[in-house]
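Coordinates in review
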Amino acid sequence: DIQMTQSPSSLSASVGDRVTITCRASQDISNYLAWFQQKPGKAPKSLIYAASTLQSGVPSKFSGSGSGTDFTLTISTLQPEDFATYYCQQYINYQWTFGQGTKVEIK
Amino acid sequence: QVQLVESGGAVVQPGVSLRLSCTASGLTFSNYVMHWVRQAPGKGLEWVAAISYDGSEKYYGDSVKGRFTISRDNSKNTLYLQMNSLRTEDTAVYFCAKGHWERQVIGDLDYWGQGTLVTVSS
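Residues numbered from 1 in each chain as written. Chains lettered and ligands numbered in written order. Predicted model: local features only at pLDDT ≥ 70, side-chain atom pairs only at ≥ 80, totals over all residues. Heavy atoms only, no water.

**Regarding the overall build of chain A**
Summing up its helical and strand segments, chain A has 0 helices and 11 strands in all. Its helices and strands in sequence order give chain A the pattern β-β-β-β-β-β-β-β-β-β-β, from N to C terminus. Expected size for 107 residues packed as a compact globule is a radius of gyration near 13 Å; at 13 Å, chain A falls within 12% of this value. By its C-alpha atoms, chain A is 35 × 25 × 25 Å across when sized along the principal axes. (Helix = DSSP H or I, 4+ residues; strand = E, 2+ residues; numbered from the N terminus. Rg over C-alpha atoms; globule rule 2.2 N^0.38 Å.)

**Focus on the state of the cysteines**
Residue and element names in this part refer to chain A. Tallied over the entire structure, the rule returns 2 disulfides over all chains. Each disulfide pairs two cysteine sulfurs, and for Cys23 the partner residue is Cys88, the sulfurs being separated by 2.1 Å. Measuring handedness by torsion sign, the sulfur bridge of Cys23 and Cys88 sits at about 70° and is right-handed. Remark: Cys88 occurs in strand 9 (residues 85-90) and Cys23 occurs in strand 3 (residues 19-25); sequence separation between them is 65 residues. Residue Cys23 is classed as buried on the basis of its relative accessible area, which comes to 0%. (Disulfide = S-S within 2.5 Å. Buried < 20%, exposed > 50% of the residue type's maximum accessible area, 1.4 Å probe, protein only.)

**Here we look at the interface of chain B and chain A**
The figure often quoted for interface size is the accessible area lost as the parts come together. If you look at the interface, chain B gives 26 residues, while chain A gives 20 residues. A combined buried area of about 1,900 Å² lies between chain B and chain A, and 64% of that area is made up of carbon and sulfur atoms. It is Leu45(B), Trp47(B) and Ile106(B) that lose the most area in chain B upon contact with chain A, and together they represent 33% of the buried surface on that side. Across the contact surface, chain B and chain A share 0 salt bridges. Secondary-structure elements contributing two or more residues to the side of chain B that touches chain A are strand 4 (32-39), strand 5 (45-51), strand 6 (58-60), strand 9 (92-102) and strand 10 (109-112) of chain B. For the side of chain B that touches chain A, the leading source of residues is strand 5 of chain B, giving 4 residues. Looking at the side of chain B that touches chain A residue by residue, the classes come out as 12 nonpolar, 8 polar and 6 charged. (Contact = heavy atoms within 4.5 Å. Buried area = accessible area lost by both parts, 1.4 Å probe. Salt bridge = Lys/Arg side-chain N within 4 Å of Asp/Glu carboxyl O. Nonpolar A, V, L, I, M, F, W, Y, C, P; charged D, E, K, R; others polar.)

Next comes the structure, spelled out in structure tokens:
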């Protein structure tokens, strides 16, 4: 099975900061990588698919990059509504696997 | 507007069975792969199962294989998860989610329901 490892597990940041989250796959997944945002008590929201393509309606402050085994999610200018937990997920085979999550907290 | 609404969550004892449902609207349900994903209290997301748009292909995570069965009724726009031999570690919010691409199994998950809580406790 493909393992997904996110880093860091949590981070503290201020409004206006640029934030980068890393996701590493245990084997090559090409660009079959998605990112989700989840707020407490809510369903996950899809942000990015194919490693770098924004879902419809997602603001351009979110961006994704990477291919193969190493991927990043960047929030260019952190806003209050961006404090949440972020998950990566691979979907190259028939076992969709999530990373353990990165909690973005207010400094 | 795509809407996915889960139901069927309950408090049950270990060893019993439970069936969850997910009713879809705002999409041509029969064209999309559908998934179940769960989240234990305070934990991360765990993919549970997926079913192809026509129900001919089914895939399961290792932790539920042999105990859970995913199915769908395209005439009712409804997805199901039959959960047998429930364990305390199955306690979680269960979300249904839609695959992104029409008539393709491989793909990301673009819309999610709000989830239904299953608690397994003696």
